[in-house]
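Each chain, written out:
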Amino acid sequence: MPGNVLLGWLGPLFVAALGAFLRFDRLGLPKAVVFDETFYAKDAYSLSLFGVERATLGDASNPISDRMLIAGNTDIWIGCSPPEAAPCPQYVAHPPLGKWLISIGEQLFGMTPFGWRFAGAVLGSLSILILARVARRMTRSTLLGCLAGLLLAVEGLHLVLSRTALLDIFLMFFVLAGFACLVTDRDHARRRLVDWYENSPISDQGPWLGLRPWRMAAGVLLGAACAVKWSGIFYLVAFIVMSLLWDAGARRAVGLGRPYSGALGKDLPTLLGAMGLLPALTYLVSWTGWFISATGWGRNWAQATSQGPVFFVFDSIRSWLSYHFQVLGYHTGLSASHPYQSEPWSWPLLLRPVAFFYEGTDNVCGVKTCASAILGVGTPIIWYGGLAALVAMIVWYVSSRDWRAAAALLGYVAGWLPWFYWALADHRTMFNFYTIPMVPFMILAITLAAGLIIGPADATPNRRAVGAGVVGLFTLLAIINFWWLYPVLTADVVPHEEWWRRMLLRSWV
């Protein structure tokens, strides 16, 4: 690792602070319920009050409870019979952890736009720090680590989702944090393997490397990703395979005679515990509110408590699994058309972003017609540069088998390719912002490509100067591109003409 530990923290902390400023500045605006905040902000508030989600007044076509919340009235619950005063249970299609996190801000700052957006802004900002640190660890360069953090700080889709109370920013955070723990575990495990090689009798398979707390932490974090959205399972499975291959590669690198059987015999059992059992337990614990409540959707509390504690446990699990099958049926059958839906093949090209918010006003921006908008779109320079970097990663891996190129590619495709199945098999309704867990890995690919462009430390000064100039120019263009789009990412009030000029593709409208 680079020798200056202090600089290795100060640089990433600086870019994370910059990203935090962008995410917290005017966070309470627009003073409105934005897009799917209509579901998650109210579900989060219900969890904090009742432990489960409860039905609210109105629906998507007539959001009465949205208007009540903006007016400061939090008495938004539908009463059910019996008893008449009890709010109805709400059927929800996603696990509760992300909504529990949203509820923290609501408890701290009230049931206001700032309150329900607070947690997303916090974890979005922390993800910048994590990416900067993990990129530094993978490249052994503080400069490249800070470049990764800076690019994430000025990535448009990441900014939008950090400033709105949707679940996807929490999914991205836990996926990235789990990956960072696995990279750290890789370094620690290889160090222990080298110590064993130098100080112990050699065997064909090598030693057992212990419980590996960093991998256990990764399991908890990836379980938390699944407890936000089920799509976290894509990453959990991919990272289990990746971690096992890293173990086999390490045993092969020190020259063991049977590295793969060593990985299967010595590493796989603890891997299954850390990334099989712990994620399952984490997911289960996230449902605690539902298990201890009598009024959750499909809870069947009266039946479960009618025949003693053993029956209670088994019937509760039966009800819980039945609920999950209902949710699975919902997701596989979700094919209703939506004006902002898009196909997975189009996501890397930013062809159809989601308009989270739009409001036209008159005479408040110096001209007659004004607009305030939030467009959930990535920074095009970063996304199209990312496509080139991903191609470079393929070439780099094929030519050198570098594990870093493979890791960046795996993180990207694990969040992208599974959606093609849903698109082809079920014609599922999908949206461009589902790509947010892929974004850190796209930026990681850009960062690794930047390292190749700059060149190794022993390259000629002219070679490194030219490479640094190319990387610097790309970074500057990304910042300018982000600055240009910033008003339509954050609901700034601008002349309608300025809003229209920033719709770079007509499909953005």
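Residues numbered from 1 in each chain as written. Predicted model: local features only at pLDDT ≥ 70, side-chain atom pairs only at ≥ 80, totals over all residues. Heavy atoms only, no water.

Engineer: Quick question: what am I supposed to make of the state of the cysteines here?
Structural biologist: A disulfide bridge is the covalent bond that connects two cysteines by way of their sulfur atoms. Counted by the stated rule, this structure contains one disulfide. Note on cysteine connectivity: Cys365 is disulfide-linked to Cys370, with sulfurs 1.9 Å apart. Between Cys365 and Cys370 the disulfide shows an S-S torsion of about -90°. By sign, it is left-handed. Cysteine Cys181 shares no disulfide, and the gap to the nearest cysteine sulfur, in Cys226, comes to 15 Å. (Disulfide = S-S within 2.5 Å.)

Engineer: Just checking my understanding: could you explain the packing of aromatic side chains for this structure?
Structural biologist: Taken as a whole and assessed by the stated rule, the structure comprises 42 aromatic pairs. Arranged with centres 5.3 Å apart and planes meeting at 75°, the rings of Tyr421 and Trp422 form a pair that is edge-to-face. In this structure Trp422 comes out as buried when scored by relative accessible area, which is 19%. Relative to Tyr434, the ring of Phe431 lies with its centre 6.0 Å away and its plane at 80°, an arrangement referred to as edge-to-face. Accessibility classification places Phe431 together with Tyr434 in one group, the buried group. Feature note: the residues Tyr91, Tyr283, Trp287, Trp290, Phe291, Trp297, Trp320, Tyr323 and Tyr330 constitute an aromatic cluster, connected by ring pairs. A cation over an aromatic ring shows up here: Arg186 above the ring of Trp403, its NZ or CZ 3.8 Å from the ring centre. Stacked on the ring of Trp290, the Lys or Arg Arg299 has its end atom at 4.8 Å from the ring centre. (Phe/Tyr/Trp six-rings, centres within 6.5 Å; stacked < 30°, edge-to-face > 60°. Buried < 20%, exposed > 50% of the residue type's maximum accessible area, 1.4 Å probe, protein only. Lys NZ or Arg CZ within 6 Å of the ring centre and 35° of its normal.)

Engineer: Honestly, helix α15 (residues 380-400) in this entry has me stumped. Any pointers?
Structural biologist: Along an α-helix, residues three or four positions apart point the same way, because every turn accommodates 3.6 residues. Over its 21 residues, α15 extends 30 Å from the first C-alpha to the last, a length consistent with the 30 Å expected when each residue adds 1.5 Å. Buried residues of α15: Pro380, Ile382, Trp383, Gly385, Gly386, Ala389, Leu390, Met393 and Trp396, and no others. Against α6 (142-153), α7 (156-162), α16 (403-414), α18 (439-454) and α19 (461-489) lie the buried residues of α15. (Helix = DSSP H or I, 4+ residues; strand = E, 2+ residues; numbered from the N terminus. Expected span 1.5 Å × (residues − 1). Contact = heavy atoms within 4.5 Å.)

Engineer: Whenever I open this one, the packing of helix α5 (residues 113-139) against α18 confuses me. Can you help?
Structural biologist: Describing two packed helices takes the angle between their axes plus the distance from one axis to the other. Look at α5 against α18: their axes get within 11 Å of each other, and the N-to-C directions meet at 40°. Between α5 and α18, the angle falls in the class oblique. Note that α5 runs across α18; the crossing there is right-handed. In this structure, α5 contributes Leu131, Ala135, Met138 and Thr139 to the contact, and α18 contributes Pro440, Ile443, Leu444, Thr447 and Leu448. Residues of the contact of α5 with α18, tallied by class, amount to seven nonpolar, two polar and no charged. (Axes fitted to C-alpha atoms, helices over the stretch in contact; angles between N-to-C directions. Parallel < 35°, antiparallel > 145°, perpendicular 65-115°, else oblique. Left-handed = near helix turned anticlockwise from the far one by under 90°. Nonpolar A, V, L, I, M, F, W, Y, C, P; charged D, E, K, R; others polar.)

Engineer: Before we go on, may I ask you to explain the layout of surface pockets in this structure?
Structural biologist: Regions of empty space are outlined by a rolling probe, equal in size to a water molecule, passed over the atoms. Of the pockets and cavities examined, the largest pocket occupies roughly 1,100 Å³. Lining the largest pocket are 44 residues, with Asp36, Thr38, Phe39, Ala60 and Tyr330 sitting closest to its centre. Put simply, the parts of the chain that give the lining of the largest pocket at least two residues each are α2 (37-50), α3 (64-70) and β3 (354-362). When its residues are assigned to classes, the lining of the largest pocket shows 24 nonpolar, 10 polar and 10 charged. (1 Å grid on protein atoms, 1.4 Å probe; cavity = no way out; pocket = protein on both sides within 12 Å on 5 of 7 lines; lining within 4 Å. Points joined across faces, edges and corners; volume = space filled by probe spheres on them.)

Engineer: I would appreciate a short explanation of the pattern of salt bridges in the present structure.
Structural biologist: Where side chains of opposite charge bring their charged atoms close, a pairing between them can arise. Here the structure, examined in full by the defined rule, presents 17 salt bridges. The closest approach of N and O atoms between Arg26 and Asp492, which form a salt bridge, is 2.5 Å. Pair noted here: Arg26 is in the loop between α1 (5-24) and α2 and Asp492 is in the loop between α19 and β5 (493-495), with a separation of 466 residues, a long-range link. Look at Arg26 and you get partly exposed, because its relative accessible area is 27%. Between Arg137 and Asp187 there is a salt bridge; the shortest N-O distance is 2.7 Å. With Arg137 in helix α5 and Asp187 in helix α8 (residues 168-199), this residue pair connects regions lying 50 residues apart in the sequence. Judged by relative accessible area, which is 10%, Asp187 ranks as buried. When salt bridges that share partners are traced, they join Asp185, Arg212, Arg215, Asp247, Arg251 and Asp267 into one network. (Salt bridge = Lys/Arg side-chain N within 4 Å of Asp/Glu carboxyl O.)

Engineer: What should I look at first to understand the pairing of strand β4 (residues 369-376) in this one?
Structural biologist: Every other side chain in a regular strand lies on the same face of the sheet, so the side chains alternate between the two faces. Buried residues dominate β4, accounting for seven of its eight residues. Here β3 pairs with β4 via eight bridges, running antiparallel. Across the sheet, the residue bridging to Gly360 is Ala371, located in β4. In this structure, the hairpin formed by β3 and β4 is closed by a connection of six residues, where Asn363 is found at a positive phi of approximately 60°. Here β4 runs beside β5; their pairing, made up of three bridges, is antiparallel. Note that in β5 the partner of Ser372 across the bridge is Val493. (Pairing = 2+ DSSP bridges.)

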